[in-house]
Amino acid sequence: MSKVAVVMGSISDLPVMQDAVDILKGFDIEVEVDIVSAHRTPEKLFDFSKNAHKNGYSVIIAGAGGAAHLPGMVASMSPLPVIGVPVKSSNSIDGWDSVLSILQMPGGVPVATVALNGAKNAGILAAQIIGSSDKCVLDKIVLYKEGLKQKVIDGAKKVNTKQ
């Protein structure tokens, strides 16, 4: 069974990052959550990043606000796919500093970046990565996407004024 790590730089990021945890659990994917600060706990960051693949993780979701170095630093040391979630924090420049810090990675150190506070999409993307080699997860994603389609169809029926 695949496992996803959801890490964040601070406990204050948890309300945003909880969306990734919830969607992953909805797909029955094992998820572990931790706080790993790139600036305040660098030793923990190094240990986590270098050993995540040895500890059974398939994908890492890393959320951070402000300078937002966590996703890129994790990606620089881990062979696993890393999905970055820029978090609009109290000390950010309307979230743009976080977005650009995670988005503008140098060649060779990719971080798949989702929207500001887009942890739900990070969780879905992690599930899709896992689903590319796990048919059970893939089937759940297909059902989820069908559910999204049905919501739109149902909404259209409610507002359609053609009689």
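See the structure printed just above.
Residues numbered from 1 in each chain as written. Predicted model: local features only at pLDDT ≥ 70, side-chain atom pairs only at ≥ 80, totals over all residues. Heavy atoms only, no water.

1. Observations regarding the overall build of the chain
If you tally the helices and strands in the chain, you get six helices and five strands. Overall, the chain shows an N-to-C arrangement of helices and strands of β-α-β-α-β-α-β-α-β-α-α. Computed over C-alpha atoms, the radius of gyration of the chain comes to 17 Å, within 12% of the 15 Å expected from 2.2 N^0.38 for 163 residues, which places it in the range of a compact globule. Dimensions of the chain, computed from the C-alpha atoms along their principal axes, are close to 65 × 40 × 30 Å. Burial statistics for the chain: of 163 residues in total, 42% are counted as buried. Look at the contacts in the chain between residues 6 or more apart in sequence, and 69% of them connect residues 24 or more apart. For the chain, the exposed area adds up to about 8800 Å²; of that, 57% sits on carbon and sulfur atoms. (Helix = DSSP H or I, 4+ residues; strand = E, 2+ residues; numbered from the N terminus. Rg over C-alpha atoms; globule rule 2.2 N^0.38 Å. Buried < 20%, exposed > 50% of the residue type's maximum accessible area, 1.4 Å probe, protein only. Contact = heavy atoms within 4.5 Å. Areas by Shrake-Rupley, 256 points an atom, 1.4 Å probe, with all protein chains shown as cover.)

2. A short note on the pairing of strand β1 (residues 3-8)
Most of β1 is tucked away: six of the six residues are buried. Residue alternation in β1 divides its side chains into two sets, K3, A5 and V7 and V4, V6 and M8, and both sets are buried. Pairing between β1 and strand β2 (residues 30-35): six bridges, direction parallel. Across the sheet, A5 pairs through a bridge with E32, a residue of β2. Running through helix α1 (residues 14-26), the crossover from β1 to the neighbouring parallel element β2 is right-handed. Where β1 lies against strand β3 (residues 57-65), six bridges are found, and the strand directions are parallel. Of the residues in β3, the one forming a bridge with V4 is V59. (Pairing = 2+ DSSP bridges. Right-handed = clockwise from strand over helix to strand, strands pointing away.)

3. Description of the layout of surface pockets
In this structure, the largest pocket encloses a volume near 330 Å³. Surrounding the largest pocket, 21 residues form its lining, S10, D13, R40, G65 and G66 being those nearest its centre. For the lining of the largest pocket, the per-class residue count stands at seven nonpolar, 11 polar and three charged. Looking at the second largest pocket, its volume works out to about 160 Å³. Taken together, A5, V7, E32, V33, D34, K44, D47, F48, N51, N55 and Y57 make up the full set of residues lining the second largest pocket. For the lining of the second largest pocket, the secondary-structure elements that each account for two or more residues are β1, β2 and α2 (42-51). (1 Å grid on protein atoms, 1.4 Å probe; cavity = no way out; pocket = protein on both sides within 12 Å on 5 of 7 lines; lining within 4 Å. Points joined across faces, edges and corners; volume = space filled by probe spheres on them. Nonpolar A, V, L, I, M, F, W, Y, C, P; charged D, E, K, R; others polar.)

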